[in-house]
Amino acid sequence: SPGYTQAIRASFFDITRTVDQPQQLPDVARYLEDGLLLLNQGCIVSLSAWEEGQHLLHPDLEPLDYRGKLIVPGFVDTHIHYPQTEMVGSYGEQLLEWLNQYTFPVESQYHCPQHAARMSAFFLQQLLSNGTTTALVFGTVHPQSVDALFTAASALEMRLIAGKVMMDRHGPDALMETPEESYQQTRELIERWHNHGRLSYALTPRYAATSTPELLEKVQQLRHEFPDTWLHTHLSENLQEIAWIKELFPEHNGYLDVYHQYQLTGQRSLFAHCLHLEDHEWDCLHHTDSAIAFCPTSNLFLGSGLFDLKTCWHKGVKMGIGTDIGAGTTFNMLQTMGEAYKVGQLQRYKLSACEAFYHATLGGAKALDLDDRIGNFMPGKEADFVVIDPAVSPLQQMRHTNSRDIWEKLFVLMTLGDDRNIAATWVNGRCVWEVNAPAVNS
Ligand code: GUN
Ligand code: ZN
């Protein structure tokens, strides 16, 4: 048998490969009630049933016993703003007023490296304590915001993609930059951090409304110079926003066409929200192999609209789930899946637990073009996973005694679950967060 350095016994659930249609998912899902996971140097060696796998074990290496717990691949959050952690639950406004009243003042504080370092540590602890092991993250316009986040993520060996916001109009003076400054600072960050360990860089123009054509040209130039970076922005979130962007860019054929004309669509391009797309915009996302982040708690909290899951599958557009903290209201992927289900219900779309877990793990990894490295327990993948305690409250315990199979257990978990269900989080083969462990100072 191949060498291993760690063995873990528990129940396991994952999705073994990507699919084009949700109907295919149950056939590629794997559930092992009593399973054995072998790791070597932060990578998966194998996952097997305990019955078969126990023969591979060396007598002198006792497996870690997580029986009674369910281990799933680490959650992938495809859209989140770390500087907005401190403003979750800001009352009363929709997108454009919400940005001006709450978001921009909070982001203005990230010129201070100490503040950025403190908030980065807190943010990463929030991700890990909720079972999220990979995220695509917005910083602020300040390069120090991204230095702080990458420094903290690097110490944890997390697979993280992030970038400095690029914006040069329609914001407060404290968040403005020139296209030339944006280019230079982004370039320096890419050279410092992109492909540094498990870290990657995303070019991050905030959205079309805060970008002049000159800024978008700089983004295009950087993408050309660094073709293996990611592109992360917002698209078609709010009806007023869309009308405004059409006024700002009258020569373009709609919102997505602004990004497309600057060659910002493509593989490793990720557009958050996409709630009010026109048919030709769906087709453009498909043809360019771009991806979407579906952010249900944010879309409901800001009253932005309902994401169309059915059309997303039908049009063949890659999609992952995002929390979109701080317009989103939780870091927790179980709760986010539960809200995604309700978004489906409002449109007569039945989001199964199997599909929801796919979007939150392998599907999200695929949307980020990381499905060759993370997202399930196939041999050679990086060992990022979450240990879930399926029943941590009297209500959950009662509900689980009545649940018949793994599908019902997973569905109850995404309906009633939250951060209390996350017992431990492993990153790169190491346990980096555990319930009841002493808090890391942050
Ligand atoms: N559009 C532009 N900036 C933002 C942001 O910070 N949050 C959300 N939800 N939408 C945006
Ligand atoms: Zn966002």
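Engineer: Explain the environment of Gln126 residue by residue, including any values.
Structural biologist: Structurally, the position occupied by Gln126 is in helix H4 (residues 113-129). Gln126 sits 41 residues away from Thr85 along the chain, and the two C-alpha atoms are 9.3 Å apart.

Engineer: Kindly report on the domain arrangement of the protein, identifying the contributing residues and their values.
Structural biologist: You can read the domains of the protein as domain 1 (6-74 + 375-434) and domain 2 (75-367). The distance between the C-alpha centroids of domain 1 and domain 2 comes to 28 Å. Across the contact, 33 residues belong to domain 1 and 31 residues belong to domain 2. Those elements that provide at least two residues to the side of domain 1 that touches domain 2 are strand E1 (6-15), helix H1 (25-28), strand E4 (64-73), helix H17 (406-416), strand E15 (422-427) and strand E16 (430-434). With 6 residues, the single largest contributor to the side of domain 1 that touches domain 2 is H17. The residue makeup of the side of domain 1 that touches domain 2, split by class, is 17 nonpolar, 10 polar and 6 charged.

Engineer: So, the pairing of E15: which residues are in play, and what are the values?
Structural biologist: Of all 6 residues in E15, 6 are buried; the element is thus mostly enclosed. In this sheet, E15 lies alongside strand E14 (residues 385-388) in antiparallel orientation, the contact comprising 4 bridges. Within E15, the residue paired with Phe385 across the bridge is Trp426. Inspection of the sheet shows E15 paired to E16 by 4 bridges, in the antiparallel sense. Counterpart to Val427 in the pairing with E16 is Arg430. Between the end of E15 and the start of E16, which pair antiparallel, lie 2 residues, with Asn428 showing a positive phi angle near 55°.

Engineer: An account of the nonpolar core is needed here, citing residue identities and associated values.
Structural biologist: Core analysis: the biggest nonpolar cluster contains 136 residues, and Val137 and Ile292 have the highest contact counts within it. The element contributing the most residues to this core is helix H5 (residues 143-156), with 7 residues. When residues are assigned to domains, this core turns out to be shared by domain 1 (6-74 + 375-434) and domain 2 (75-367), each giving three or more. Not counting residues up to four positions away in its chain, the partners in contact with Val137 are Ile80, Tyr82, Leu149, Leu160, Ile161 and Ala162. Among the nonpolar cores identified, the runner-up in size contains 6 residues, and Trp98, Leu99, Leu302 and Ala327 belong to it.

Engineer: Can you explain the pairing of E4? Please cite residues and give values.
Structural biologist: The sheet contact formed by E1 and E4 spans 4 bridges and is parallel. Within the sheet, the bridge partner assigned to Ser11 lies in E4 and is Leu70. Where E4 and E14 come together, 4 bridges link them in antiparallel fashion. What sits directly across from Ile71, in E14, is Val387.

Engineer: Describe the site of ligand 1, listing the residues and the values that go with them.
Structural biologist: Around ligand 1, the structure places His81, Leu95, Leu99, Thr103, Arg206, Tyr207, His234, Glu237, Ser298, Asp324 and Ala327. A total of 3 residues in the shell around ligand 1 trace back to one element, the largest contributor, which is helix H3 (residues 95-107). Residues that form the shell around ligand 1 fall into these classes: 4 nonpolar, 4 polar and 3 charged.

Engineer: Explain helix H13 (residues 333-345) to me, and be specific about the residues and the numbers.
Structural biologist: The first and last C-alpha atoms of H13 sit 18 Å apart over 13 residues, in line with the 18 Å expected at 1.5 Å per residue. Listing the buried residues of H13 in full gives Met333, Leu334, Gln335, Thr336, Met337, Gly338, Glu339, Ala340, Tyr341, Val343 and Gly344.

Engineer: So what's going on with the environment of Ile374? Which residues, and what values?
Structural biologist: Here Ile374 lies in the loop between helix H15 (362-367) and E14. Along the chain, Ile374 and Ile44 lie 330 residues apart, while their C-alpha atoms are 10.0 Å from each other. The contact partners of Ile374, leaving out residues within four places of it in the chain, are Pro73, Gly74, Thr134, Arg159, Ala365, Lys381, Glu382 and Asp384.

Engineer: A description of helix H10 (residues 279-288) should follow, citing residues and the corresponding values.
Structural biologist: Restricting attention to buried positions, one finds in H10 the residues Glu281, Trp282, Cys284 and Leu285. Within H10, the buried residues cover an arc of 160° as seen down the axis, which keeps them to one side. Counted as exposed and oriented over 90 degrees from the buried face of H10: Asp279 and His280. Taken together, the buried residues of H10 touch helix H9 (255-261), strand E12 (291-294) and helix H12 (309-315). Positive backbone phi, at 65°, marks Asp289, one or two positions downstream of H10.

What counts as what
Residues numbered from 1 in each chain as written. Chains lettered and ligands numbered in written order. Predicted model: local features only at pLDDT ≥ 70, side-chain atom pairs only at ≥ 80, totals over all residues. Helix = DSSP H or I, 4+ residues; strand = E, 2+ residues; numbered from the N terminus. Domains from an automatic or database assignment. Contact = placed C-beta atoms within 7 Å. Nonpolar A, V, L, I, M, F, W, Y, C, P; charged D, E, K, R; others polar. Buried ≥ 20, exposed ≤ 12 C-beta atoms within 10 Å, placed from the backbone. Pairing = 2+ DSSP bridges. Core = buried A, V, L, I, M, F, W, Y, C linked by C-beta atoms within 7 Å. Near = placed C-beta within 6 Å. Expected span 1.5 Å × (residues − 1). Arc of directions from axis to C-beta.

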